[in-house]
Amino acid sequence: MLNTVSSALVWFFAALTFALSITVPNGYNIGTTLIFILSLVFLLKPKWHELKKEDKLLFWGFALYAVAMFGFVYLDGWHTRELDRPSRFILVLPVLLLLLKSSGRERWLWFGTVLGAIAAFSLAIYERKVLGFGRAHGSEHPIMFGNTGMLLGLLSFVSAMYFLANKRYIWLALAVVGGLCGIAASVLSASRGGWVALPLIGFFLLWQSRFLLGKKLVWSVCIASVLLVGAAVALPQSGIKDRIEEAISDVEHYSDGSNKTTSVGLRFEMWKASLSMFEESPLVGVGEYGSIAVKERLVADGAILQDVLHYSHSHNEYINALGLTGIVGFIFLMSVYLIPLRLFLKKMRQYPNNWNIRSYAMAGALVPMCYMDFGLSQVMFSHNIGVMMYVFPIVYFWAAVRWAERKEFAK
């Protein structure tokens with residue numbers, strides 16, 4: 001186990017990952033880079049025998065996914081630049097081992113998520129109202145900014161449960177504000193894909209927290225949520241109603257053939273292209289670079305629009321995986337979602353009333369849940385921020401669960 005100062009530094013950098021994630025250019029890299037360097041300095045000889053079976057399952061799940069993606073890069077012509085993003089699943093592993101040796105400050109993760117959500121909204125409102133941008137985006141693509149903002153907001157609501165259970169009411173109020181700010185940042189980014197997560201995961205949070213909140217408070221939150229959503233949709237400045245109507249119009253224009261080059265229409269064309277690739281090579285896909293020739297052929301045959309050639313992925317994580325990496329890649333993709341999700345849900349069932357542990361498990365479960373939703377309209381793992389804000393938060397919250405367990409058993 002590391003000394004107190006070293007452990008505090010490790011968890012501070014972990015919290016910094018959330019706090020700076022989308023408000024500073026490449027902010028998600030600052031905390032992760034610093035904690036990775038510490039993992040190399042302090043983790044001279046990992047004690048593998050001290051890890052539990054669950055720790056090893058997460059470790060090997062990430063490691064095998066990375067190795068599989070390296071294999072697909074090899075099959076696709078060994079373009080080494082494509083090793084970068086899957087390598088993060090390897091680079092996070094020493095961080096996992098370091099965090100499992102660093103006790104005492106896991107609650108700082110909550111401070112980081114709340115501050116990150118509030119900062120994201122502050123930047124979004126500045127870009128929309130002061131700079132006059134049509135979509136808030138920070139230094140990222142608006143979709144990635146909005147999805148990350150939504151993730152921070154939902155994690156802030158989980159932190160509110162932790163603070164409520166521990167009667168820390170000032171931070172409870174800030175956490176609720178952080179939750180609303182994260183959602184608002186997503187709204188101001190005008191990224192529709194992330195909005196689907198709100199009712200689904202919002203219901204999950206309320207249902208899983210119903211005994212802590214009590215029946216009256218649950219109903220109060222439900223009513224307040226419906227009123228807030230209704231007001232946000234009705235408010236012209238939010239842009240929600242316009243974006244929903246635009247999506248409906250895009251589908252109608254695509255269906256009648258009058259305009260297939262809309263945002264939704266182009267997504268349909270990209271999905272069609274990826275499914276054609278899957279039919280051509282169902283086992284291991286055609287590869288990212290191999291897909292270029294396939295798309296060019298489909299365009300020449302009139303099967304898809306030429307505009308599809310401007311996009312490197314299909315804006316759907318699942319269909320994209322099927323087209324580029326086939327059934328094998330799709331299985332590895334689902335494993336990297338479902339292994340962490342299963343581990344965290346198991347901990348939630350194991351500790352139904354202990355919110356010092358349950359809150360971290362719930363937060364950890366939200367990460368793959370959100371990504372599985374975001375993946376319906378975006379290929380999150382094709383972006384650096386998408387990979388980093390998946391693997392590192394999962395490792396952070398898993399280590400937090402393990403330390404919270406140790407503290408409870410030591411009482």
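Structure shown above.
Here the residue index of a chain counts from 1 through its sequence in written order. Local features in a predicted model are, by the rule used here, given only for residues with pLDDT of at least 70; side-chain atom pairs are given and counted only at 80 or more, and totals for whole chains, interfaces and linings are based on all residues. With hydrogens and water stripped out, all remaining heavy atoms of the structure feed into the side-chain values.

1. Some details on the overall build of the chain
Link 1 in the chain: Here a helix means four or more residues in a row that DSSP labels H or I, a strand means two or more in a row labelled E, and each is numbered from the N terminus. Across its full length, the chain holds 17 helices and 0 strands.
Link 2 in the chain: On the principal axes, the C-alpha backbone points of the chain span a range of 70 × 50 × 40 Å.
Link 3 in the chain: Computed with the Shrake-Rupley method and a 1.4 Å probe, the accessible areas treat only the protein chains shown as cover for residues. Entry remark: accessible area of the chain is about 17,900 Å², with carbon and sulfur atoms responsible for 67%.
Link 4 in the chain: Positive and negative side-chain charges in the chain, numbering 36 and 26 respectively, have mean positions lying 15 Å apart. Counting rule applied: Lys, Arg positive; Asp, Glu negative; His and chain ends not counted. Charge coordinates come from a single atom per side chain, which is NZ of Lys, CZ of Arg, CG of Asp or CD of Glu.

2. Digging into helix 3 (residues 53–75)
Each α-helix turn comprises 3.6 residues. Residues three or four places apart therefore point the same way.
Link 1 in the chain: Taking 1.5 Å per residue, 23 residues should reach 33 Å; helix 3 reaches 32 Å between its end C-alpha atoms and fits that length.
Link 2 in the chain: Phi turns positive, to about 110°, at Gly-77, one or two residues after helix 3. Every helix has an expected span of 1.5 Å times one less than the residues it contains.

3. Details of the pattern of salt bridges
Link 1 in the chain: Each reported salt bridge corresponds to a side-chain nitrogen of Lys or Arg within 4 Å of a carboxyl oxygen of Asp or Glu. The tally for this structure, following the rule as stated, stands at 11 salt bridges.
Link 2 in the chain: Salt-bridge contacts for Glu-280 lead to Arg-297; the nearest nitrogen and oxygen are separated by 2.4 Å. Of this pair, Glu-280 sits in helix 13 (residues 263–280) while Arg-297 is found in helix 14 (residues 290–300), placing the two residues 17 residues apart along the sequence.
Link 3 in the chain: On the basis of relative accessible area, Arg-297 is assigned to the partly exposed category, the value being 39%.
Link 4 in the chain: Taking the shortest distance from any N to any O, the salt bridge between Arg-402 and Glu-405 comes out at 4.0 Å. Residue Arg-402 and its partner Glu-405 are located together in helix 17 (residues 384–410), separated by 3 residues, close to a single helical turn. The pair formed by Arg-402 and Glu-405 is uniform in burial state, with each residue classed as buried. Between buried and exposed lies partly exposed: a residue is buried under 20% and exposed over 50% of the maximum accessible area for its type, with that area taken using a 1.4 Å probe on protein chains only.

4. Quick word on the side chain of Asn-316
Link 1 in the chain: Structurally, Asn-316 can be placed in the loop between helix 14 and helix 15 (317–350).
Link 2 in the chain: In the analysis that follows, any N or O atom pair within 3.5 Å is treated as a polar contact, provided that within protein one partner can donate a hydrogen and the other can accept it, and provided that, for residues neighboring in sequence, both atoms belong to side chains. Looking at Asn-316, its side chain comes within polar contact range of the main-chain nitrogen of Tyr-318, at 3.0 Å.
Link 3 in the chain: Any two residues having at least one pair of non-hydrogen atoms within 4.5 Å are treated as being in contact. Aside from chain neighbours lying at most four places away, what touches Asn-316 is Trp-271, Gly-375, Leu-376, Ser-377, Gln-378 and Val-379.

5. Quick notes on the side chain of Thr-32
Link 1 in the chain: Following the sequence through the fold, Thr-32 ends up in helix 2 (residues 27–42).
Link 2 in the chain: Every residue in contact with Thr-32, bar those within four places of it in the chain, is listed here: Thr-17, Met-388, Phe-392 and Tyr-396.

6. Section: a nonpolar patch on the surface
Link 1 in the chain: To count toward a patch, a residue needs a relative accessible area over 30% and no salt bridge; like charges are then connected within 9 Å, while nonpolar side chains (Val, Leu, Ile, Met, Phe, Trp, Tyr) are connected within 5 Å. A contiguous nonpolar surface patch, about 560 Å² in accessible area, is contributed by Tyr-74, Leu-75, Trp-78, Leu-283 and Val-284.
Link 2 in the chain: For Trp-78, the position within the fold is in the loop between helix 3 and helix 4 (84–99).

7. So, the packing of aromatic side chains
Link 1 in the chain: For Phe, Tyr and Trp, where Trp contributes only its six-membered ring, two rings pair if their centres lie within 6.5 Å, and the inter-plane angle classes them as stacked under 30 degrees, edge-to-face over 60, or tilted in between. The tally for this structure, following the rule as stated, stands at 29 aromatic pairs.
Link 2 in the chain: Ring plane angle 55° and centroid distance 5.9 Å describe the contact between Phe-12 and Phe-13, whose orientation is recorded as tilted.
Link 3 in the chain: Of the residues examined, Phe-13 reaches a relative accessible area of 11% and is grouped as buried.
Link 4 in the chain: Geometrically, the ring pair formed by Tyr-337 and Phe-381 is tilted, given 6.0 Å between the ring centres and 40° between the ring planes. A residue pair is termed long-range when its members are at least 10 positions apart, and Tyr-337 in helix 15 and Phe-381 in the loop between helix 16 (355–374) and helix 17 qualify at 44 residues. Each member of the pair, Tyr-337 as well as Phe-381, carries the same accessibility label: buried.
Link 5 in the chain: Counting every residue linked through ring pairs, the aromatic cluster contains Phe-18, Trp-110, Phe-111, Tyr-162, Phe-163, Trp-171, Tyr-360, Phe-392, Tyr-396 and Phe-397.
Link 6 in the chain: Lying across the ring of Trp-403, Arg-406 places its NZ or CZ 4.1 Å from the centre. Charge-over-ring placement is defined geometrically: NZ (Lys) or CZ (Arg) within 6 Å of the ring centre, and within 35 degrees of the ring normal.

8. Concerning helix 5 (residues 108–130)
Link 1 in the chain: The terminal C-alpha atoms of helix 5 lie 32 Å apart, and with 23 residues this matches the ideal 33 Å at 1.5 Å per residue to within 8%.
Link 2 in the chain: Taken together, the buried positions of helix 5 are occupied by Leu-109, Trp-110, Phe-111, Gly-112, Thr-113, Val-114, Gly-116, Ala-117, Ala-120, Ala-124, Glu-127 and Arg-128.
Link 3 in the chain: Against helix 1 (4–19), helix 6 (142–165), helix 7 (169–189), helix 16 and helix 17 lie the buried residues of helix 5.
Link 4 in the chain: Positive backbone phi, approximately 75°, marks Gly-132, located one or two places after helix 5.

9. Observations concerning the packing of helix 3 against helix 17
Link 1 in the chain: Here an axis means a line fitted to C-alpha atoms, over the contact stretch when the element is a helix, while the angle between two N-to-C directions is reported on a 0 to 180 degree scale. Orientation of helix 3 relative to helix 17, taken along the N-to-C sense of each, is 175°, at an axis distance of 12 Å. One way to sum up the angle between helix 3 and helix 17 is to call them roughly antiparallel. Along its contact with helix 3, which presents Glu-54, Asp-55, Leu-58 and Phe-62, the element helix 17 presents Tyr-390, Val-391, Ile-394, Val-395, Trp-398 and Arg-402.
Link 2 in the chain: Ten residue types, Ala, Val, Leu, Ile, Met, Phe, Trp, Tyr, Cys and Pro, are classed as nonpolar, four, Asp, Glu, Lys and Arg, as charged, and the remainder, Gly among them, as polar. Residue composition of the contact of helix 3 with helix 17, by class: 7 nonpolar, no polar and 3 charged. For classification purposes, an angle smaller than 35 degrees is called roughly parallel, one larger than 145 roughly antiparallel, one from 65 to 115 roughly perpendicular, and anything else oblique.

10. Focus: unusual backbone geometry
Link 1 in the chain: If you check the backbone angles, Lys-167 has positive phi at about 55° while not being a glycine.
Link 2 in the chain: Along the chain, Lys-167 falls in the loop between helix 6 and helix 7.
Link 3 in the chain: Not every positive phi belongs to a glycine, and His-315 is a case in point at roughly 60°.
Link 4 in the chain: Within the secondary structure, His-315 sits in the loop between helix 14 and helix 15.
Link 5 in the chain: For His-315, a relative accessible area of 10% gives the class buried.

11. Structural notes on the nonpolar core
Link 1 in the chain: In terms of nonpolar packing, the biggest core is built from 107 residues, with Ile-35, Phe-62, Phe-89, Tyr-371, Phe-381 and Tyr-390 touching the most fellow members.
Link 2 in the chain: Beyond its immediate chain neighbours, meaning those up to four positions away, Ile-35 contacts Val-10, Phe-13, Ala-14, Val-95, Leu-98, Leu-99, Phe-392 and Tyr-396. By nonpolar core is meant a set of buried Ala, Val, Leu, Ile, Met, Phe, Trp, Tyr and Cys residues that side-chain atoms within 4.5 Å join together.

Honestly, that's just the spatial picture; any functional story needs more than this.
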